[in-house]
Amino acid sequence: MSAFMVEVEQGRGTESTTLPGPILLLGAPGAGKGTQAKELVKLWGIPQISTGDLLRTHVAQGTLLGRTAKEIIGRGELVPDTVVNEMVATRLREPDTVRGYILDGFPRTLGQARWLDARLAGQDGALPVVAVSIKVNYNQLLRRITGRRICPVCQSIYNIYVNPPKKDGFCDIEGAALIQRDDDTEEVFKERMRAYTALTAPVVEHYRTQGRFAEVNGDRPIAEIASEIVAAVGRLRHQG
């Protein structure tokens, strides 16, 4: 079997012989991107690379990049691509990225996507990025976000539509009154969706035109979605 072929064993979960390489997971707010990233990390034994985590780590450790980013943020400005790119480049030199990695929040812009493509093209044996988008109906996303309630004590998460507590408004474990986060409102969700669409549309088109993009149905059980992502990555690697 080719190194890029995928093997899914019925009834035993998802297993893969695919060499994953770099994978960009895309998904609107509430699509379950974070959940699927964790599933793929467990499946393939590769790291999840989050630019948000990288930024916080560099700032906390006081690296040159961290001090530069902190100064920029302190002025109320956005950290430029040059700084973010260098943080990613530093992380990709770590040995745990050799077989692949899950990209979270990067590349977020067309410029970042082109930079990453050029970097990987100049690296012997490096596979190119493949992008997989988790698609969920807009109304379903809205219910997932606005229906979310959190226990302030144990941090258990409920959803008033699909996973309500036994007693309305109270945590099953702690009995504490559940809270709704300030950004889990319809108004904030709509703004986040507009921003997500505007930012990711050029990135999606970039990978689609190069035959390195796939969509999967995200409105299903977690294991089924993970299985489809694995199959999509296998197809894209095989085609490439």
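See the structure printed just above.
Bear in mind that the values here come from a model prediction, so they are computed numbers and not experimental data. Within every chain, residues take consecutive numbers counted from 1 along the sequence as written. pLDDT decides what is reported in this predicted model: residues at 70 or higher carry local features, side-chain atom pairs at 80 or more are listed and counted, and totals for whole chains, interfaces and linings draw on all residues regardless. Hydrogens and water are ignored here; the side-chain numbers use all heavy atoms of the structure.

## Some remarks on the environment of Ile-222
Secondary structure elements are defined from DSSP: runs of H or I of at least 4 residues count as helices, runs of E of at least 2 residues count as strands, and each element is numbered from the N terminus. Summarising the element assignment, Ile-222 is placed in helix α8 (residues 222–239). Three labels apply to residues, based on accessible area from a 1.4 Å probe with only protein chains included: buried if under 20% of the type maximum, exposed if over 50%, partly exposed otherwise in between. Residue class for Ile-222 comes out partly exposed when judged on its relative accessible area of 43%. For the pair Ile-222 and Thr-35, spaced 187 residues apart in the sequence, the C-alpha separation amounts to 7.9 Å. Residue contacts are counted whenever heavy atoms from the two residues lie within 4.5 Å of one another. If we skip the residues at most four places from it in the chain, Ile-222 touches Thr-35, Gln-36 and Glu-39.

## What about the sheet that holds strand β1 (residues 21–27)?
Spatial strand order, β2-β3-β1-β4-β7: 5 strands in an open sheet with parallel pairing. Two strands bound the open sheet, and with one partner strand each, they are β2 (48–50) and β7 (213–217). The sheet shows a mean angle of 25 degrees between the axes of neighbouring strands, taken without regard to direction. Across 5 bridges, β1 lies against strand β4 (residues 130–135) in parallel orientation. When DSSP finds two or more bridges between a pair of strands, those strands are recorded as paired. Axis definition: a line fit to C-alpha positions, over the contact stretch in the case of helices; interaxial angles, taken between N-to-C directions, run 0 to 180 degrees.

## As for the packing of helix α3 (residues 64–74) against helix α4 (residues 81–92)
Put simply, α3 and α4 touch, their axes get as near as 10 Å, and they point 150 degrees apart. It follows from the interaxial angle that α3 and α4 lie roughly antiparallel. Crossing of α3 over α4 shows left-handed handedness. Only Val-83, Glu-86, Met-87 and Thr-90 of α4 make contact with α3, whose side of the interface consists of Leu-65, Gly-66, Thr-68, Ala-69 and Ile-72. Any angle between 65 and 115 degrees counts as roughly perpendicular, while under 35 counts as roughly parallel, over 145 as roughly antiparallel, and the rest as oblique. Crossings are classed by handedness, with left-handed meaning an anticlockwise turn of the near helix from the far one by less than a right angle and right-handed meaning a clockwise turn.

## Section: the side chain of Thr-146
Here Thr-146 shows up in helix α6 (residues 138–146). Classification of Thr-146 as buried rests on a relative accessible area of 15%.

## Topic: the pattern of salt bridges
A pair is scored as a salt bridge if a Lys or Arg side-chain nitrogen falls within 4 Å of a carboxyl oxygen belonging to Asp or Glu. Here the structure, examined in full by the defined rule, presents 16 salt bridges. Note that Arg-75 and Glu-77 form a salt bridge whose closest N and O atoms lie 3.3 Å from each other. Notably, a salt bridge pairs Glu-191 with Arg-194, separated by 2.8 Å at the nearest N-O pair. Placement of both Glu-191 and Arg-194 in helix α7 (residues 186–209) is noted, with a separation of 3 residues, approximately one turn of the helix. The class for Glu-191 is partly exposed, based on a relative accessible area of 43%.

## What about the side chain of Asp-117?
Its place among the elements puts Asp-117 in helix α5 (residues 110–121). For the purposes of these results, a polar contact is taken to be a pair of N or O atoms within 3.5 Å, where, inside protein, one atom must be able to donate a hydrogen and its partner to accept one; residues adjacent in sequence count only when each atom of the pair is a side-chain atom. A polar contact is formed between the side chain of Asp-117 and the side chain of Arg-212, at a distance of 3.0 Å. Those residues in contact with Asp-117 that lie beyond four places of it in its chain are His-206, Tyr-207, Gln-210 and Arg-212.

## Notes on the packing of helix α2 (residues 51–61) against α4
For the pair α2 and α4, the least separation of the axes is 10 Å and the interaxial angle reads 90 degrees. By the angle between their directions, the pair α2 and α4 is classed as roughly perpendicular. Side by side, α2 and α4 meet where Thr-51, Leu-54, Leu-55 and His-58 of the first sit next to Val-84, Met-87, Val-88 and Arg-91 of the second. A breakdown of the residues in the contact of α2 with α4 according to their chemical character gives 5 nonpolar, 2 polar and 1 charged. Classification convention: Asp, Glu, Lys, Arg as charged; Ala, Val, Leu, Ile, Met, Phe, Trp, Tyr, Cys, Pro as nonpolar; all other residues, Gly among them, as polar.

## A few points about α4
The end-to-end C-alpha separation of α4 is 16 Å, in line with the 16 Å expected for 12 residues at 1.5 Å each. For α4, the full list of buried residues reads Val-83, Val-84, Asn-85, Met-87, Val-88, Ala-89, Arg-91 and Leu-92. On its buried face, α4 sits against β2, α2, α3, β3 (100–104) and α5. Helix span, expected: 1.5 Å multiplied by one less than the number of residues in the helix.

## Some points on the environment of Leu-78
Along the chain, Leu-78 falls in the loop between α3 and α4. Residue Leu-78 is classed as exposed on the basis of its relative accessible area, which comes to 78%. Between the C-alpha atoms of Leu-78 and Ile-160, which are 82 residues apart in sequence, the distance is 36 Å.

Just distances and angles here, no functional claims.
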